[in-house]
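Coordinates in review
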Amino acid sequence: MHTASLFYLTLAYVTQDDNLIGTLTVRETISYSARLRLPDKMPWSEKQALVESTIIEMGLQDCADTVIGNWHLRGISGGEKRRVSIALEILMRPRMLFLDEPTSGLDSASAFFVTQTLRGLSRDGRTVIASIHQPSSEVFELFDRLYLLSGGRTVYFGKASEAYEFFAHAGFPCPAMRNPSDHFLRCINSDFDKVKATLKGSMKLRFMMSEDPLEKTTTAEATRMLISFYSSSQYYYTAKERVEEISKVKGTVLESGGSQASFLMQTFTLTKRSFVNMSRDFGYYWLRLLIYIVETICIGTIYFNVGTSYNSILARGSCASFVFGFVTFMSIGGFPSFVEDMKVFQRERLNGHYGVMAFVISNTISAMPFLIMITIISGTICYFMVHLHPGFMHYLFFVLCLYASVTVVESLMMAIASIIPNFLMGIIIGAGIQGIFMLVSGYFRLPKDIPKPVWRYPMSYISFHFWALQGQYQNDLSGLLFDNQSPDLPKIPGEYILENIFQIDVNRSKWWDLTVLFSMIIAYRILFFIMIKISEDVTPWIRGYIARRRMQQKKSTNSPGTSSALGHLTQSPSLRTYAAHAGHKPE
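So, how was this worked out
Residues numbered from 1 in each chain as written. Predicted model: local features only at pLDDT ≥ 70, side-chain atom pairs only at ≥ 80, totals over all residues. Heavy atoms only, no water. Helix = DSSP H or I, 4+ residues; strand = E, 2+ residues; numbered from the N terminus. Buried < 20%, exposed > 50% of the residue type's maximum accessible area, 1.4 Å probe, protein only. Contact = heavy atoms within 4.5 Å. Areas by Shrake-Rupley, 256 points an atom, 1.4 Å probe, with all protein chains shown as cover. Expected span 1.5 Å × (residues − 1). Polar contact = N/O pair within 3.5 Å; in protein donor to acceptor, adjacent residues only side chain to side chain. Patch = residues over 30% accessible without salt bridge, like charges linked within 9 Å, V, L, I, M, F, W, Y side chains within 5 Å. Salt bridge = Lys/Arg side-chain N within 4 Å of Asp/Glu carboxyl O. Pairing = 2+ DSSP bridges. Phe/Tyr/Trp six-rings, centres within 6.5 Å; stacked < 30°, edge-to-face > 60°. Bend = angle between axes of the 7 residues up to and from the residue. pLDDT = per-residue confidence, 0-100. Disulfide = S-S within 2.5 Å.

This brings us to the overall build of the protein. Helix and strand content of the protein: 23 helices and eleven strands. Per-residue burial for the protein yields a buried fraction of 47% across its 587 residues. Taking contacts inside the protein between residues at least 6 apart in sequence as the whole, the part at least 24 apart equals 77%. Surface summary for the protein: the accessible area is close to 28,600 Å², and the carbon and sulfur share equals 62%.

Written out as structure tokens, the structure is:
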């Protein structure tokens, strides 16, 4: 299949935030995107050629092998990141490209080069539509068409080069030393009334001598005049005729480019990309491994060679409680990395790069090797320094139980990250949930002493700490004999301690407890999937409902007529006033 026949009649959207994986290079980022979206049958040589052509088209040759950059890796500049974000979306050669403030946060030079690149794309047969925030005069001159809005009403729609003449004819000519785009926003943005009031207090004489008509009227009045002038101008009728002409044309409805790769290819590529990211990001798992090693060495030295004395009974219980309570608790430290993963997912999901199921499965698989490594290393240190129950099967159970506990915490935090994108709030919520689970684990209060309503049923059975401790207590104590308080008294069997001190049913197999833990991993991953789907389907509906309610309230509070329009425009905040520029290839 030739690239010339691929992926047309599609549209793409570039968000304002550059949510990229910081540990990957520019070429790797675009290559993984190609594998995720291009057909499986397409030869890799053709995919690679498409990737290289996209890199050249966006002017990224010099930084193609440089990492994007994150908190510990120095990477590319802000303008280059923006061009990478655009490159990911033009990879599928969309006919229409939407961009949300592509120059936001960039210096003047970077903003110019990004806009120049977009202009080049529009000259290649694509329509580029971008909202833009206070462009410089050089950037403004690159746009073909300008669409000005104020409070949702059209102020001007036409050629950008003719906007200067339009404002002059409307009675608001642009002063000689002012940026045209700044002048247009001054005319329709009510926030500038406050600026003028402030300046008049300190530069009163200068403003009295000013010949700018804008200084002699309010923004609301200027906006009303501009809207009225536009609605009766040739620009309005030309745009209306063009829209009616286009509406009569029958054609294919443009849809998001999506992905043409199979589910297995998406899952494999996402797993590989996630594994590479985890292995390169020091804060994802390597730092946690270091902390786990330090923690388990501390545990090992405090409980070193705990033995089978009478005092060792509670020592073994407290050791297990700390390992499966507080050590696993540290897995919430990966929450910031989970949030970054979710931001990348949401950006890619927005343009249909892959499905939710592929993301959940790949995230689970890619994390497994690191979690297994962490639990084996830290679990081995703790197990043999403390000298827990001898025997390989007992050691294996301990490591598997630790792995399951850590993975459950990770799965819980991923589910939280899917709906709570804030670092601090997510960690607080995750810590609070785990604190409650630890309270009903059966160590701080014995199982039979926990109040039955709510806390014992169902909270203790929902808590993974409960099942982990129940299993580890059986694994460690069953089969051992402990010294009594007096040497003359007989030794105490571990089974007696389990039943009478820790209140554990010895007839239930410890492997059943482990099975419950692994079932919780699956349950939390399913919950993770459901939360993403709910966030995708329900959140837009809620936001739309709130927006509709606000619009209805504004309509009910405003009286009809001119005074209503003036009040609406005066009260409209600056964020509701924006300039939308459209660049397209001339016909």
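On we go from here.
A few words now on helix α13 (residues 282-302). Between its terminal C-alpha atoms α13 stretches 29 Å, which fits the 30 Å expected from 21 residues at 1.5 Å a residue. Tucked inside the fold, the buried residues of α13 contact α12 (263-280), α14 (312-329), α15 (335-350), α16 (356-386) and α17 (392-417). Its side-chain oxygen 3.1 Å from the backbone nitrogen of glycine 283, aspartate 281 forms the N-cap of α13.

Along the chain, tyrosine 457 connects to proline 458 via a cis peptide bond; the corresponding omega equals 10°. By the element assignment, proline 458 lies in strand β8 (residues 457-458). Phi is positive for arginine 93, which is not a glycine, with a value near 55°. Tracing the sequence through the fold places arginine 93 in the loop between α3 (78-90) and β2 (96-100). Taking the relative accessible area as the measure of exposure, arginine 93 reaches 13% and is therefore buried. Of note in this structure, histidine 387 is not a glycine but carries a positive phi near 65°.

A cluster of nonpolar residues, Ile522, Ile526, Ile530, Ile534, Val538, Trp541, Ile542, Tyr545 and Ile546, forms a patch on the protein surface that exposes about 830 Å² of accessible area. Within the secondary structure, isoleucine 546 sits in helix α22 (residues 510-557).

Let's shift gears to the pattern of salt bridges. A full pass over the atoms with the stated rule returns 21 salt bridges. Glutamate 89 is the salt-bridge partner of arginine 347, the closest N and O atoms lying 3.8 Å from each other. With arginine 347 in helix α15 and glutamate 89 in helix α3, this pair connects stretches of sequence that are 258 residues apart. Note on arginine 347: relative accessible area 7%, which makes it buried. Of the residues examined, glutamate 89 reaches a relative accessible area of 2% and is grouped as buried. A salt bridge links aspartate 483 to lysine 491, with the shortest nitrogen-to-oxygen separation between them at 2.4 Å.

Mapped onto the fold, asparagine 179 is located in the loop between α6 (163-169) and α7 (180-188). Judged by relative accessible area, asparagine 179 falls into the buried class, the value being 17%. Within the structure, the side chain of asparagine 179 is placed 3.0 Å from the backbone oxygen of proline 135, a separation counted as a polar contact. Among the polar contacts listed, one links the side chain of asparagine 179 to the side chain of serine 181, at a separation of 3.2 Å. When sequence neighbours within four positions are dropped, the list of residues in contact with asparagine 179 reads Pro135, Ser136, Ser137 and Cys174.

Turning our eyes to something else, we now look at the pairing of β2. Side chains Leu97 and Leu99 of β2 all project onto a buried face; the interleaved residues Met96, Phe98 and Asp100 project onto a face where none is buried. Alignment of strand β1 (residues 10-14) against β2, held across four bridges, turns out to be parallel. Each residue of the ladder has a partner; that of tyrosine 13, found in β2, is phenylalanine 98. Sheet topology note: the β2/strand β3 (residues 127-132) ladder contains five bridges and is parallel.

Moving on to the environment of leucine 11. Mapped onto the secondary structure, leucine 11 falls in strand β1. Considered as a pair, leucine 11 and methionine 92 are 81 residues apart in the sequence and their alpha carbons are 9.1 Å apart.

All told, the structure shown has 36 aromatic pairs when counted by the stated rule. The interplanar angle of 90° and the centroid separation of 5.5 Å between the aromatic rings of phenylalanine 166 and tyrosine 235 together place this pair among those described as edge-to-face. Taken together, the residues phenylalanine 166 in helix α6 and tyrosine 235 in helix α11 (residues 234-247) connect sequence positions 69 residues apart. Overall, phenylalanine 166 belongs to the buried group, its relative accessible area being 0%. Residue tyrosine 235 is classed as buried on the basis of its relative accessible area, which comes to 19%. Taking 4.3 Å as the distance between ring centres and 20° as the angle between the ring planes, the aromatic pair formed by phenylalanine 345 and phenylalanine 359 counts as stacked.

Inspection of the secondary structure assignment puts isoleucine 132 in strand β3. Take isoleucine 132: its relative accessible area is 4%, and that puts it in the buried class. Between the alpha carbons of isoleucine 132 and serine 104 there is a distance of 7.6 Å; along the sequence they are 28 residues apart.

In this section: α16. In a regular helix each residue adds 1.5 Å, so 31 residues correspond to 45 Å; α16 covers 43 Å between its end C-alpha atoms and thus fits that length. Where α16 bends most, the angle comes to about 35°, and this point is methionine 368, followed within four residues by the proline proline 369. Just beyond α16, the residue with positive phi is histidine 387, at close to 65°.

Looking at the protein as a whole, its pLDDT mean stands at 85, while 87% of the residues score no less than 70. Contacts for the low-pLDDT stretch residues 558-587, under 50 throughout, to residues beyond four places or in other chains number 71 contacts.

What follows is about the side chain of aspartate 513. Relative to the elements of secondary structure, aspartate 513 occurs in helix α22. For aspartate 513, the side chain forms a polar contact with the main-chain nitrogen of glycine 471, separated by 3.3 Å. Beyond its immediate chain neighbours, meaning those up to four positions away, aspartate 513 contacts Trp467, Gln470, Gly471, Gln474 and Arg508.

This paragraph deals with the environment of phenylalanine 518. Its place among the elements puts phenylalanine 518 in helix α22. Spatially, the C-alpha atoms of phenylalanine 518 and alanine 404 are 6.0 Å apart, while their sequence positions differ by 114 residues. In contact with phenylalanine 518, other than residues within four places in its own chain, are Leu400, Tyr403 and Ala404.

What follows is about the state of the cysteines. Throughout the structure, instances matching the rule amount to zero disulfides. Residue cysteine 382 stays outside any disulfide, its sulfur separated by 4.6 Å from that of cysteine 319, the closest cysteine.

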